[in-house]
Amino acid sequence: MLHIKCPHCGMRSQNEFSYGGDATVKRPELGKEISDQEWNDFVYNRKSLRGKHWELWQHISGCRQWIKVERDTASHEIFKTLKADQEIS
Amino acid sequence: MTQAFRLENVGLINRNKKLSFKFNGKNYHGYEGDTLASALIANGVHLVGRSFKYHRPRGFFGAGVDEPYAIVQLYRNGETEPNIKATEQELFEGLEAKSVNCWPSVNFDIGAINNFLKIFLPAGFYYKTFMWPKSFWYKVYEPFIRKAAGLGVASIKHDKERYEHKYEYCDLLITGSGPSGLASAYAAAKNGARVILAEDKSRFGGTLLTSDVNIGNQSGKEWADGIISELKEMPNVTVKNRSQVFGYYDHNMLVMSERISDHLPETKKFHPKQRLWYIRAKEVLISSGSIERPIVFGNNDTPGVMLSSAAKEYLKVYGVLVGKNPLIFTNNDSGYETAIEFKKNGIDPVILDTRNDPNSEIIDEAKNLGIDIKFSYVVVAAQGYKKVKSADIAKISEDKEQLGKIENIKCDCICVSGFWTPTIHLASQSGNKSKFKEDIDAFIPGISKQNETTLGAANGVYTLDQTLKSSFETGQKLSKEITNNDNKISFPNVVEKKSTVHDKFWCVPLPKGKNYKRFLDFQNDVAVSDIEIALKEGYRSIEHVKRYTTLGMATDQGKTSNLNGLQLVSKIENKVVPAVGHTTFRPPYTPVSIGAIVGREVGKHSKPTRKSPMHTWHEKNNAVFVDAGVWLRPRYYKRGNENLFEASKREAKNVRTNVGVCDVTTLGKIDIKGPDAAELLNRVYTNAWLKLPVGKARYGVMLREDGIVMDDGTTTRISENHYHMTTTTAQAANVLSHLEYYLQLVWPELNVNVVSTTEQWAGAAIAGPKSRDLLQKLFPNSDVSNEGLPFMGYIEGDLFGVKAKIFRISFSGELAYEINVESDNGNFMWEKIMEVGQEFEIQPYGTEALSTLRIEMGHVAGSELDGRTIPYDNSLEGLLSKKKDFIGKRSLTRKAFTADDRQKIVGVVPLDKKTSIPEGSHLVKDSNAPLPNPKLGYISASCWSVEYDNPFSLAILKDGKNMIGEKLFVMSPLKNKVIPVEIVSSHYVDPKGERVRS
Ligand SMILES: [Zn+2]
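Rules of the game
Residues numbered from 1 in each chain as written. Chains lettered and ligands numbered in written order. Predicted model: local features only at pLDDT ≥ 70, side-chain atom pairs only at ≥ 80, totals over all residues. Heavy atoms only, no water. Salt bridge = Lys/Arg side-chain N within 4 Å of Asp/Glu carboxyl O. Helix = DSSP H or I, 4+ residues; strand = E, 2+ residues; numbered from the N terminus. Buried < 20%, exposed > 50% of the residue type's maximum accessible area, 1.4 Å probe, protein only. Pairing = 2+ DSSP bridges. Donors = N, O, S within 2.8 Å, 3.2 Å for Na, K, Ca; no water. Tetrahedral: all angles 85-135°; square planar, octahedral: opposite > 155°, others 65-115°. Axes fitted to C-alpha atoms, helices over the stretch in contact; angles between N-to-C directions. Parallel < 35°, antiparallel > 145°, perpendicular 65-115°, else oblique. Left-handed = near helix turned anticlockwise from the far one by under 90°. Contact = heavy atoms within 4.5 Å. Nonpolar A, V, L, I, M, F, W, Y, C, P; charged D, E, K, R; others polar. Disulfide = S-S within 2.5 Å. Buried area = accessible area lost by both parts, 1.4 Å probe. Polar contact = N/O pair within 3.5 Å; in protein donor to acceptor, adjacent residues only side chain to side chain.

Turning next to the pattern of salt bridges. Residue and element names in this part refer to chain B. Within the structure shown, the criterion is met by 67 salt bridges over all chains. Lys17 is paired through a salt bridge with Glu32; the nearest N and O atoms lie 3.5 Å apart. Within this pair, whereas Lys17 is found in strand β1 (residues 14-23), its partner Glu32 is found in strand β2 (residues 26-32), the two being separated by 15 residues in sequence. Classification of Lys17 by relative accessible area gives partly exposed; the value is 41%.

Next comes the structure, spelled out in structure tokens:
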């Protein structure tokens, strides 16, 4: 079970969180004309990375904040966690 | 009955407490402090089972967790449990156990015929033998394997024992209470660190209980006892026996199973049987010691052949002799320690040492005691079928290839020592890549992956002095880093006998003309010849060899077999052992009961049970409940002998003719506040929300980004910047997360707050033509006329002194209202509604009637919004705004979603107007078409229409919009039904929706 540092609450066990997928995906702006390909990439296409990966988690059994977590998908090492409004660097 | 193999004054058992127990139906006695194994051996019982494949007789091989043979079926307090190691099971009064893996009995075992039909069962025998002919599989092979295989029988009864889970944090978790565990725990505890010390056996001390050493002028055991009692007194230390740390997971989380009651005849009141600990440790000290490994020789699985360390443990801890005529077969000094213990207790052992005249303190002591030692000697084969009777021995050449003349020597047990294998399972599970240590011929942990340090024998350190020193230091250093305390502990003086190097000899060659089975894996019956075959057949990777031969795959996970298997592969392949590498160690280290893993989350406790504030009223009024997610909801209210069908029909009919009341507390409710609340709703719902006036509700549908309907519900504008959203019961949590996702990550510029208020409000729906009359009486001071409170209107009212929210919304399709009050007033509200409603012939209705009402109105619910349908499919396309963008809108332009013959919701009526249509049935054009019959759609929901008094269903049907009036067939192979049906509009009752506006 992972140990995740919620930027709001501190170190908490994984079972307080729910996983939210790739954190680098940007939703196209509302009302913007975009191609089918762009939309498909947003809705469906994800890389299955081995290694460092920025992903979203929600602290559902805690502060309910969505957070960004940089995790190694192979070793599960967590390098960094950010609040929702912090940019991935 | 006398215990013929019990010594009089040796051991740690309590001779004042005699215990009786039963094994394979026979009565025996043992003492408190025995294991089932030690008590059986004390009684001279060595035949305890049959091996897995060849069903050869099996005795005891070890004295603890490494035991591959002595697995029994245990009977305790009316329950039975398989896969219990007799070497771990503590004796209690009335214990009963039976052998497994033998049929019909351990003495006469039919499966043993396999032993003589070896040709059937070489490596990969499952893959080869049982593959063809195919028809034989079900009839012949499978029943045979099922009968013959297996390590006991799982109970089919409900387990009435309780199992607990516990979560714990600590600074240092120390796994094992041998010398390294005690020393490191003591040093860390003195520095004030929070320490958990776990020992899998009942007694603390590990090898200190059996070794002849002196620490600070005390025996090893006295020193261990002193440390333990001091640790137990310290508030920062948790000391646990009978507790096995079996898994090392990510981020330094370890799992430990504590056997609280397994050693008692029955579990004490309010006590759990076992407890599973999830421990998050800052540092982990692995002090799990080492396991002696066998030397491979002919018939080395015969009962009476066992590890020399086990023989010593039976003697020193339990006062039990494993034999009175022991043969010790060793390649190192450890065998001598066992021999010396025998000798001290009046037994004359013979030592066969594979080495050529080695010298050490221990060997000298054995010589001085007059023990018969034969150097450069090996056991070629054990003789005897159900018990060792003698051994064929021979001198072995310097190059260990040639055997001298075979001699036969009488003995009743063979105690084998092939040196020591560090127990690196936990370190390996943590991700630590092990490395091969040449001088001990075994793997030890390499560079730490997580915060783990391996100490003592587990790290390949086999002298007590070094072990204690490094463990004190490590415990001190790690705890100092955490607590900043620096308590110096004086290091005790250690006296131990010096030993010399071991012989890297592990397998006795076969004598000419003999074909003895030489076993590597005792539990799975993997012999040297099996590995040879696997390699001959081209298997190279050790992982493949393992799976093909099942080497190391049994419940003992190769604790005694692993290294010898590797030695063999490396010898045949002409590689060094580290180049062969070992297979992966996976948790659990030892079997863990399913009960412990599941914990308290069984039956009703597998999820929380949520009840509405009106639950007690429902109970008192004969409600029959149904699980709706985690909620318990009344399904119907039983009157007299009514069944579900009759009751729900009555309740639904009463709604259509008079008025009914339904508990709708479970609906998800989300409070939405902020200046941008309307903008948020406008983006998450498919329809327009910017112009909804205060005091008005609106129905909305929300999509996922892929265009699939996520949820529906009504949202009401309570005031300028305040909205009250409702969701379906099932999606309440998901919808909240969904809103939070967009507010926090996608549109953080929106100034809106959302919070769940599901539990804050109790809700009652009153529905039916008389509902307004009822409402007027409930709220005499409010204007609830069609003008004062029109369809989709909202007002606040005073319900006999209680503040209430009144929504004019309808799920039943009738004139209807929903009243919300604060949860604490829920029961008051309900009772008032029932009391005042009496004159309008009000009846409560449950979810079954609720379903009937919504189905015949064609209102969609969970069974249509099932994560596979888009708005069009549910005839909700009228709610799709063309003017604005919303979540999921872009997906609706996809080809499949706009296809002309796209599936759509329809109504279905059986032609005979009688036959009920099973939900989940398929719709087809031709009931006699060859299979696979093309499927046109499926029945999503069925009811008995109270309006028309015939069955009615909703279906999602391909090209639904053009199918009205068509005749199709409903097929349910599951219920064996074929029903001719007519497709009708999904709006079966009141298609114009006049009632809700009346
Ligand atoms: Zn948090």
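Next comes the rest of the write-up.
All names here are of chain B. Among the nine residues that make up strand β47 (residues 937-945), nine are buried, leaving the element largely enclosed by the rest of the structure. Alignment of strand β46 (residues 922-924) against β47, held across two bridges, turns out to be antiparallel. The partner of His922 across the bridge, within β47, is Tyr938. For β47 and strand β48 (residues 950-957), the ladder comprises eight bridges, and the chain directions are antiparallel. Note that in β48 the partner of Gly937 across the bridge is Leu957. Between β47 and the antiparallel strand that follows it, β48, lie four residues; Asp949 among them carries a positive phi value of about 55 degrees.

Turning our eyes to something else, we now look at the coordination of the zinc ion. Residue and element names in this part refer to chain A. The zinc ion binds to the protein through Cys6 (SG), Cys9 (SG), His59 (ND1) and Cys63 (SG); the donor distances cover 2.0 to 2.3 Å. Geometry at the zinc ion is tetrahedral, judged from its four donor atoms and the angles of 104 to 113 degrees they form at the metal. Coordination of the zinc ion draws on donor residues from a single chain, spaced C-x2-C-x49-H-x3-C in sequence. On the basis of relative accessibility, which here comes to 1%, the residue Cys6 falls in the buried class.

Attention now moves to the sheet that holds strand β11 (residues 218-219) of chain B. All names here are of chain B. Pairing within the open sheet is antiparallel, and its three strands lie in the order β11-β10-β29. Bordering the open sheet on either side are β11 and β29 (494-495), each of which pairs with just one other strand. As defined by bridge partners, strand β10 (residues 214-215) adjoins β11 across two bridges and the pair is classed as antiparallel. The residue of β11 that forms the bridge with Ile215 is Gln218.

Further remarks concern the packing of helix α5 (residues 179-190) of chain B against helix α11 (residues 464-483) of chain B. Residues and elements named next belong to chain B. Look at α5 against α11: their axes get within 7 Å of each other, and the N-to-C directions meet at 30 degrees. Judged by the inter-axis angle, α5 sits roughly parallel to α11. The two elements α5 and α11 cross, and the hand of that crossing is right-handed. The residues of α11 that touch α5, namely those facing Pro179, Ser180, Ala183, Ser184, Tyr186, Ala187 and Ala188, are Leu464, Thr467, Leu468, Ser471, Phe472, Gly475, Gln476 and Ser479. Residues that form the contact of α5 with α11 fall into these classes: eight nonpolar, seven polar and no charged.

Moving on to the state of the cysteines. Residues and elements named next belong to chain B. All chains considered together, the criterion is met by zero disulfides over all chains. Its sulfur unpaired, Cys507 is 19 Å from the next cysteine sulfur, which belongs to Cys411. Relative accessible area serves as the criterion here: at 17%, Cys507 is assigned to the buried category.

What follows concerns the interface of chain A and chain B. With 28 residues of chain A at the interface, the matching set in chain B holds 29 residues. Between chain A and chain B, a total of about 2,300 Å² is buried, with carbon and sulfur atoms accounting for 52% of that surface. Of all residues in chain A, Met1, Arg27 and Leu30 of chain A give up the largest surface area on contact with chain B, accounting jointly for 27% of the area buried on that side. If you look at where chain A meets chain B, you find three salt bridges. Note that Arg890 of chain B is salt-bridged to Asp36 of chain A, the shortest N-O span being 2.7 Å. One can count 18 residue pairs in polar contact (both at pLDDT 80 or more) joining chain A with chain B. Among the elements of the structure, α1 (36-43), β4 (52-58) and β5 (66-72) of chain A are those that each provide at least two residues to the side of chain A that touches chain B. If one sorts the elements of the side of chain A that touches chain B by residue count, α1 of chain A sits on top with four residues.

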